[in-house]
Amino acid sequence: MERIQVIDSHTAGEPTRVVIAGGPEFHGGDLFAQRAGFSTRFDQYRSAVVNEPRGSDVLVGAWLVPASTSEAACGVIFFNNVGMLGMCGHGLIGVVATLAHLGRIEPGRHLFETAVGTVAATLRDDGRVALENVESYRQAADIPVPLPDGNFVHGDLAWGGNWFLLVSDHGLGVRLDNVEALTARAWSIRQYVNANGYPEVDHIELFGPPTRPGADSKSFVLCPGKAYDRSPCGTGTSAKLACLAARGELPPGEVWHQESIVGTEFEASYRWVDESRGLIVPTIVGRAFITGEATLLLDPHDPFCHGIR
Ligand code: PYC
């Protein structure tokens, strides 16, 4: 019987399962290479940790691995029900809350290495975390996307640690009771852009007017495995900031309140890295709550030892 120790949390409603012990050994080095090694050699552990019967489609996993430098608290490999992620904003906030829960970090600024770059997270005394994400940018604006009914929507393509297509003219209510229609629309948009020159787009964001007092916008974010993000999505909000910055619709330093489909919120702002190239560093502020401490048991006789894939 193999044992894997995990800490579960949620950030603004979106769950994260952090693997703190057990499973394959990682020997450090560049995080992109460590993620590639995990993906090619140990994908069954990804599935065992996040997929049913131990997990669910919405669960994001975060495997703590050695960092390549001593300046970083650790390296983190993020993954979901269908594969690897680049960065994960809600997940990183979950990692910080987990390490604080374990007494491994104190309030203050900490660095974390991910497969797409090093990020900084400041744990505040009140438990909130301010995440300085990887450099983000808008790659293309107003890409026309035909819908099955013959109408068109338009999307901005942006990088925020994962690739997003951001769509506002989708015509649907961004409400929890409309999740099926939002999922179908986002999935058809994703299939079109992936088949027509943008195979890298992994997440789709549909925006609408906010319902929460003080919020600037509400979003529905569809993840690569067809689950929707319960949080406003840290990397997605970073992509949103890059688009707002590129359009001149949000000055650096001003706070953007991004509401999620379940009514939770991230506070987001940015600073320019290179205005001429539209490069920003986003800061996302949110909070995670610990929901469980568990040991996963991997019984080799169990037909679903490595999850239902
Ligand atoms: O918060 O960046 C995020 C994220 C990505 C996928 C799910 N959450």
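Preceding this paragraph is the structure being described.
Rules and cut-offs
- Residues numbered from 1 in each chain as written.
- Predicted model: local features only at pLDDT ≥ 70, side-chain atom pairs only at ≥ 80, totals over all residues.
- Heavy atoms only, no water.
- Helix = DSSP H or I, 4+ residues; strand = E, 2+ residues; numbered from the N terminus.
- Buried < 20%, exposed > 50% of the residue type's maximum accessible area, 1.4 Å probe, protein only.
- Core = buried A, V, L, I, M, F, W, Y, C linked by side-chain atoms within 4.5 Å.
- Axes fitted to C-alpha atoms, helices over the stretch in contact; angles between N-to-C directions.
- Parallel < 35°, antiparallel > 145°, perpendicular 65-115°, else oblique.
- Contact = heavy atoms within 4.5 Å.
- Nonpolar A, V, L, I, M, F, W, Y, C, P; charged D, E, K, R; others polar.

**Focus: the environment of Gly22**
Note on placement: Gly22 falls in the loop between strand E2 (14–21) and helix H1 (31–41). Exposure remark for Gly22: the relative accessible area of 36% places this residue in the partly exposed category. Remark: the alpha-carbon pair of Gly22 and Ile4, spanning 18 residues in sequence, is separated by 4.4 Å.

**Concerning the nonpolar core**
Counting residues in hydrophobic clusters, the biggest one holds 62 residues, and the most contacted among them are Phe78, Leu92, Phe112, Leu165 and Phe220. Take this core: its biggest share by element is six residues, from helix H3 (residues 89–101). Judged by nonpolar contacts, the second largest core, of 19 residues, contains Val19, Phe26, Leu59 and Val65.

**What to know about the packing of H1 against helix H2 (residues 43–50)**
Close contact between H1 and H2 brings their axes to 5 Å; oriented N to C, the two are set at 85°. Our classification of the angle between H1 and H2 gives roughly perpendicular. Residues Phe38, Ser39 and Arg41 of H1 form the contact with H2, whose participating residues are Asp43, Gln44, Tyr45 and Arg46. Residues belonging to the contact of H1 with H2 are distributed by class as follows: two nonpolar, two polar and three charged.

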